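# Working through the structure, step by step
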Amino acid sequence: MSAAYDVVPFSELLHKPAVTTGRLDQVRALRLRRRDAGDLALMRVEQLDAEGAVVDFTARLLASVVRKFGASAVREVLPDAVPWITFLPNADVDQFVNELVEVAKGAAALENLAPLATLLTQWRNTAEIHADPALLKLVTQDPEGDFGPAAPPGTEE
């Protein structure tokens, strides 16, 4: 295999399924571009299982490192993996490390990486806010004025 993935139009899979799937001999996956919807991925089950095993291993290793050496061990090397944490306050970095370990373990157990991807996106967005003084001021200042009465939970106005 030479590349991680190749991009092909979805119609190519429909019109030439054998040729298109044969391309999986050269790449790990195919990204199927669709005009009116989100792209799809096509990969061999063996590849999917292998990647899942790596994610599971990585999550368990991360949890073990934290248990044995403490969160400081992960915190020390985390800037190599996610350089944007340099913009987070120290207390937030600690919280991020703890959440990262727990969510990674849970995501691996469920074989669903979506929660981990969401967590990384949320913390990256938080770092982006801290990196921009004007944006940080905007989201941390108390609002001005009265917004009126709040509707009780579960009711629509």
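All figures in this text were calculated on a predicted structure; none of them were measured in a lab.

On inspection of all chains with the given rule, the structure shows 9 salt bridges. Arg-23 is paired through a salt bridge with Asp-6; the nearest N and O atoms lie 2.4 Å apart. With Arg-23 in the loop between helix 2 (17-22) and strand 2 (27-33) and Asp-6 in strand 1 (residues 3-9), the pair connects residues that are 17 residues apart, well separated along the chain. Among the ionic pairs, Arg-60 bridges to Asp-56, the shortest N-O distance being 2.9 Å. Highlighted residues: Arg-60 and Asp-56, both in helix 3 (residues 45-69), separated by 4 residues, approximately one helical turn. Accessibility expressed as a relative area gives 52% for Arg-60, which makes it exposed. Counted as one network, the salt bridges with shared partners bring together Asp-6, Glu-12 and Arg-23.

Let us look at helix 7 (residues 133-140). Residues lying three or four places apart along an α-helix face the same way, a consequence of the helix completing one turn every 3.6 residues. With 0 of 8 residues buried, helix 7 lies mostly on the surface of the structure. Backbone nitrogen of Ala-134 and a side-chain oxygen of the N-cap are separated by 3.1 Å at the start of helix 7; the cap is Asp-132.

A word on the side chain of Glu-12. Structurally, the position occupied by Glu-12 is in helix 1 (residues 10-15). The exposure class of Glu-12 is buried, given its relative accessible area of 19%. Setting aside residues up to four positions removed in sequence, Glu-12 forms contacts with Pro-17, Thr-20 and Arg-23.

Here the focus is the environment of Arg-23. Using a relative accessible area of 26% as the deciding quantity, one classes Arg-23 as partly exposed. In the structure, Arg-23 is positioned 81 residues away from Ala-104 in sequence and 32 Å away in space, judged by C-alpha atoms. With sequence-adjacent residues up to four places away left out, Arg-23 is seen in contact with Asp-6, Val-8, Glu-12 and Leu-30.

Looking now at the packing of aromatic side chains. The relation between two aromatic rings is expressed through the spacing of the ring centres and the mutual angle of the planes. Within this structure, the stated rule accounts for 2 aromatic pairs. On the numbers, 5.6 Å between centres and 55° between planes, the contact of Trp-84 with Phe-96 is tilted. One end of the pair, Trp-84, is in the loop between helix 4 (71-81) and helix 5 (90-110); the other, Phe-96, is in helix 5, and 12 residues separate them in sequence. Just as Trp-84 is buried, Phe-96 falls in that class too. Ring centres of Phe-96 and Trp-123 lie 5.6 Å apart, and the angle between their planes is 55°; on these two criteria the pair is classed as tilted.

Axis separation between helix 6 (residues 114-131) and helix 7 bottoms out at 5 Å; the angle between their running directions is 105°. In this view, helix 6 runs roughly perpendicular relative to helix 7, as classed from their interaxial angle. Together, Glu-128, Ile-129, His-130 and Ala-131 of helix 6 and Pro-133, Leu-135, Leu-136 and Val-139 of helix 7 make up the contact between the two elements. The residue makeup of the contact of helix 6 with helix 7, split by class, is 6 nonpolar, 1 polar and 1 charged.

What counts, and at which threshold
- Per chain, residues are indexed from 1 in the order of the written sequence.
- The model is predicted, so local features are restricted to residues of pLDDT at least 70 and side-chain atom pairs to those at 80 or more, both for listing and for counting; the totals for chains, interfaces and linings are taken over all residues.
- Calculated side-chain values reflect all of the structure's heavy atoms, with hydrogen atoms and water omitted.
- The salt bridge criterion pairs a side-chain nitrogen of Lys or Arg with a carboxyl oxygen of Asp or Glu, the two atoms within 4 Å.
- Secondary structure is summarised from DSSP: a helix means a run of H or I of at least four residues, a strand means a run of E of at least two, and numbering begins at the N terminus for each.
- Only protein chains enter the calculation, and the probe is 1.4 Å; a residue is then buried if its accessible area is under 20% of its type maximum, exposed if over 50%, and partly exposed in between.
- The term polar contact refers here to a pair of N or O atoms within 3.5 Å; inside protein, the definition further demands a hydrogen-donor-capable atom paired with an acceptor-capable atom, and it admits residues adjacent in sequence only when both atoms are side-chain atoms.
- By definition in these notes, contact holds between two residues if any of their heavy atoms fall within 4.5 Å.
- Any pair of Phe, Tyr and Trp rings, taking the six-membered ring for Trp, is counted once the centres come within 6.5 Å. Such a pair is stacked with planes under 30 degrees apart, edge-to-face with planes over 60 apart, and tilted for the rest.
- All axes are obtained by fitting lines to C-alpha atoms, using only the stretch in contact for helices, and the reported angles, taken between N-to-C directions, cover 0 to 180 degrees.
- When an angle is under 35 degrees it counts as roughly parallel; over 145 it counts as roughly antiparallel; between 65 and 115 it counts as roughly perpendicular; any other value is oblique.
- Lys, Arg, Asp and Glu make up the charged group, whereas Ala, Val, Leu, Ile, Met, Phe, Trp, Tyr, Cys and Pro make up the nonpolar group; the residues left over, Gly among them, are polar.

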